[in-house]
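Each chain is listed here by its residues.
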Amino acid sequence: MQWFLEASTTGHKLALMVVAILLFAAVMAAILFAVDRPKRVPNWVVAAGFLGPTILLLLVGLVYPALDTVRGSFFNRDGSTFVGLDNYVTVFTTDNFQTVLRNTVLWVVLVPLVTTSLGLLYAYLVDRTRFEALAKALVFLPMAISMVGAGVIWKFVYEYRPDQPGVRQIGLLNQLLVLVGVEPQQFLLNGPSNNVYLIVVMIWIQAGFAMTVLSAAIKAIPDDIVEAARLDGVSGVQMFRYVTVPSIRPALVVVLTTVAIVSLKAFDVVRTMTGGQFGTSVVANEFYTQSFRQFNVGLGAALAVLLFVLVIPIVAYNVRQLRLAEEIR
Amino acid sequence: MTTTTPVMSPVPTKERRLSRAERRAVAAKTKLTSPAASAIAIVIAVLWTVPTLGLLVTSFRPELDIRRSGWWTAFTDPQFTVDNYNEVLYGGTNFASLFVNSLVITLPAVIIPITLALLAAYAFAWVKFRGRNVLFVAVFALQVVPIQVTLIPLLTLYVDTGLNGSFWTIWLSHSIFALPLAVFLLHNFMKEIPASLVEAARMDGAGHVKIFFQVLLPLLTPAIAAFSVFQFLWVWNDLLVALTFAGGAPDVAPLTVRLAEMVGTRGSDWYLLAAGAFVSIVLPLAVFLGLQRYFVRGLLAGSVKG
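Calculation rules
Residue indices begin from 1 for each chain and proceed along its sequence in written order. Here chains are named by letter from A upward and ligands by number from 1 upward, in the order in which they appear as written. Where totals are concerned, whole chains, interfaces and linings use all residues; where local detail is concerned, this predicted model gives features only for residues with pLDDT of at least 70, and gives and counts side-chain atom pairs only at 80 or more. Calculation of side-chain values draws on the structure's entire complement of heavy atoms; hydrogens and water are dropped beforehand. To qualify as a helix, a DSSP run of H or I must reach at least 4 residues; to qualify as a strand, a run of E must reach at least 2; elements of each kind are numbered from the N terminus. The contact criterion used throughout is that any non-hydrogen atoms of two residues lie within 4.5 Å. By definition, the buried area sums, over both parts, the 1.4 Å-probe accessible area that each loses when the two are put together. Any Lys or Arg side-chain nitrogen found within 4 Å of a carboxyl oxygen on Asp or Glu counts as a salt bridge. N or O atoms closer than or at 3.5 Å make up a polar contact, with two conditions inside protein: a donor-capable atom paired with an acceptor-capable one, and, for residues adjacent in sequence, both atoms drawn from side chains. Each residue gets one label: Ala, Val, Leu, Ile, Met, Phe, Trp, Tyr, Cys and Pro are nonpolar, Asp, Glu, Lys and Arg are charged, and the others, such as Gly, are polar. Working definition: with a 1.4 Å probe on protein chains only, accessible area under 20% of the residue-type maximum means buried, over 50% means exposed, and in between means partly exposed. An axis is simply a line fitted to the C-alpha atoms; with a helix, the fit covers only the stretch in contact. Between two such axes, the angle follows the N-to-C directions and lies from 0 to 180 degrees. An angle below 35 degrees is treated as roughly parallel, one above 145 as roughly antiparallel, one from 65 to 115 as roughly perpendicular, and anything else as oblique. Domain borders in the structure are assigned automatically or taken from a domain database. The quantity known as pLDDT measures the predictor's confidence residue by residue, on a range of 0 to 100.

### Comments concerning the environment of B:M262
All names here are of chain B.
Okay, step 1: Along the chain, M262 turns up in helix α11 (residues 255-265).
Okay, step 2: When the C-alpha positions of M262 and P108 are compared, they lie 27 Å apart, and in sequence the two are 154 residues distant.
Okay, step 3: Once residues lying within four places of it in the same chain are set aside, the contact partners of M262 are T93, F95, G267, L272 and L273.

### Quick word on the interface of chain B and chain A
Okay, step 1: Contacts between chain B and chain A engage 112 residues on the former and 101 residues on the latter.
Okay, step 2: Here chain B packs against chain A, burying approximately 9,600 Å² in sum over the two surfaces, 78% of which is carbon and sulfur.
Okay, step 3: The largest share of the area that chain B buries against chain A comes from B:W48, B:Q148 and B:W270, three residues that together contribute 9% of it.
Okay, step 4: For the interface between chain B and chain A, the tally reads zero salt bridges.
Okay, step 5: At the boundary of chain B and chain A, one finds eleven residue pairs in polar contact (both at pLDDT 80 or more).
Okay, step 6: The element that contributes the greatest number of residues to the side of chain B that touches chain A is helix α1 (residues 12-59) of chain B, accounting for 23 residues.
Okay, step 7: Considering only residue class, the side of chain B that touches chain A consists of 80 nonpolar, 24 polar and eight charged.

### A short note on the environment of A:K265
Okay, step 1: Looking at the element boundaries, A:K265 is found in helix α12 (residues 249-265).
Okay, step 2: Judged by relative accessible area, A:K265 falls into the partly exposed class, the value being 23%.
Okay, step 3: Placed 17 residues apart in sequence, A:K265 and A:V282 show a C-alpha to C-alpha distance of 9.3 Å.
Okay, step 4: Those residues within four positions of A:K265 in sequence are excluded, and the remaining contacts are A:A284, A:V311, B:Q143, B:P146 and B:Q148.

### A word on the pattern of salt bridges
Okay, step 1: Taken as a whole, this structure holds eleven salt bridges over all chains when the rule is applied.
Okay, step 2: The salt bridge involving A:D223 is made with A:R128; its shortest N-O contact spans 3.8 Å. Of this pair, A:D223 sits in helix α10 (residues 223-231) while A:R128 sits in the loop between α5 (95-126) and α6 (132-140), placing them 95 residues apart in sequence.
Okay, step 3: Of the charged contacts in the structure, one is a salt bridge between B:E199 and B:R202, with a shortest N-O distance of 3.6 Å. Taken together, the residues B:E199 and B:R202, both in helix α8 (residues 195-203) and three residues apart, mark about one turn of the helix.
Okay, step 4: Residue B:R202 is classed as partly exposed on the basis of its relative accessible area of 32%.
Okay, step 5: Sharing partners across several salt bridges, the network here consists of A:D127, A:R128, A:E132, A:K136, A:K219 and A:D223.

### Looking at the packing of helix α4 (residues 86-93) of chain A against α5(A)
Residues and elements named next belong to chain A.
Okay, step 1: The geometry of α4 relative to α5 is characterised by a closest axis approach of 5 Å and an angle of 70° between their N-to-C directions. The orientation of α4 relative to α5 falls into the category roughly perpendicular. Of the residues in α5, those in contact with T90, V91, F92 and T93 of α4 are D95, F97, Q98 and L101.
Okay, step 2: Taken together, the residues that form the contact of α4 with α5 break down as four nonpolar, three polar and one charged.

### Topic: the side chain of A:S291
Okay, step 1: On the secondary structure map, A:S291 appears in helix α14 (residues 283-293).
Okay, step 2: Among the polar contacts listed, one links the side chain of A:S291 to the backbone oxygen of A:F287, at a separation of 2.8 Å.
Okay, step 3: Among residues more than four places away in sequence, those in contact with A:S291 are A:N296, A:G300 and B:I152.

### Examining the domain arrangement of chain B
By a widespread convention, an interface's size corresponds to the accessible area lost as its parts come together.
All names here are of chain B.
Okay, step 1: Domain annotation of chain B identifies domain 1 (1-58) and domain 2 (95-305).
Okay, step 2: Contacts between the two partners involve four residues from domain 1 and, on the opposite side, four residues from domain 2.
Okay, step 3: Across the domain 1 to domain 2 interface the summed buried area is about 360 Å²; carbon plus sulfur atoms make up 94%.
Okay, step 4: A per-residue breakdown of the area domain 1 buries against domain 2 is headed by L55, L56 and T58, which together make up 87% of the total.
Okay, step 5: Between the two partners, domain 1 and domain 2, sit zero salt bridges.

### As for the confidence of the model for chain B
Residue and element names in this part refer to chain B.
Okay, step 1: Overall, the predicted model of chain B reaches an average pLDDT of 83, with 87% of residues at or above 70.
Okay, step 2: The secondary structure element of chain B with the lowest average pLDDT is helix α13 (residues 292-305), at 68, and the one with the highest is helix α4 (residues 95-126), at 93.
Okay, step 3: Throughout residues 1-17 the model reports pLDDT below 50, and contacts reaching past four residues in sequence, or to other chains, amount to eleven contacts.
Okay, step 4: The ipTM for the predicted assembly is 0.88, set against a pTM of 0.87.

If you want it as structure tokens, here you go:
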């Protein structure tokens, strides 16, 4: 048993990984073998065999924990006493949390809007140009980088050195400021503008996604529509405004909502770059801080439930728009 | 003529019309918006590339140089070294062993959920049973549950069963969190396969397992590749799950956890941070560049349909 739980050497870890995969394969093979006897087996048995493991994992790993967290949000910090809505009252009335909520709104509004606009603009500009593939790859690349990695990359861009003779800036942004004769800034320390600098990082990460989806949508616009508009004398900005954008509206909605949900749930950027200090925390980061740093499990649960509740209208809007789009078709 | 026109129609006359229209479109665009449009596109491309380039250059500069001057001075006074990488990989930070942890976490966390989801998607697509639609919608709807909502009860569960701080909790957690989307996506792909193909196999006396492995699986390879790339990047780059279930276990913690921690504890040691960041980025970047085609396909299927 110890061998399965504690692996400290590289060889042991790799062996454990192989054993885990083989074990999983053996269990799945046994289940499939059991439901696939040559004789006639009722369909529900087959379905249970194919679906059983998934449903079991979802019940134990998602449904039960979610319900337990909702329950926990009505209890105190260690879950021993029922406190009613106290945790939610704290979240909505304390000064500290007002900042957190304000920042979260900022993230959920700014990131999707700017990301989608930039992604759309870029996709439109490079569409059918000679360098399209390369141009897209450059903007797409940050998608492969972890948000922690992106946090490090951008922290270096924002790096600050005191403005003294003999001290040279090593952060690109402050160097640019010095070049134009402005005093270097502590970008990540001074609020509330530091929130914007964190949001920039998220936009940088997400733009590639927006661009890819929107570029595919632009390419799917039927040529006769574009041609007809052109014959009517539409061109340039008007073409973009009256032909391209309306034609890809469903894709725009999908991108906006997807990016909104990602920026609502992600805490990595804030965690890595400021740790939520200097008035930059968001709900997702505050959930982590309260649950695992302050050990206030009740409050953490309330914040998690708040995230859950905030996601639902966004998803509902998305589903509704997709339905509408399908009806039109 | 440098513009290539995709062949849209087998009818030659129509094709010629289309390609001429497109050529005119390109010409008109170039004439009307070219200088301004190119300038904006180039500015965006530069903004999206330079931050990464800056850190990459930094990671190869000597420690003292990094502290004394900006990375751009390396272009006029090139001084490069791999000392930073040696230090971060085999020194006190021991990123080499963290790299192994990331790898050990990622492979099962990709294989397990995809296998489970393939089987579940098969049942939803090709096995008729009561309550199928309700169950499918339920699994689909679970996508809205944020991971945060599940963490503390799951952690309690892991502690109670004595699994806490081992690779098993991370494999299990990533598998669970991936399932709703994986089932939904693979179901969509599976539904695209013509029913006649499955019916024909059934007529020939093939059972479910045989149909699954011999008829469907070969046709699904691109879809599986697409989701694998997706899941690989998601698990490798994850911070929240790893921090929660392995934050206190150095033998299990992946690169992201220690890198994030290092930003807090050694925030001004850019020679370590830069090299460390690139150690953590290099594999996903390689996978991504190599399999970009599949990744884009998965992305489009997931977002445009879902």
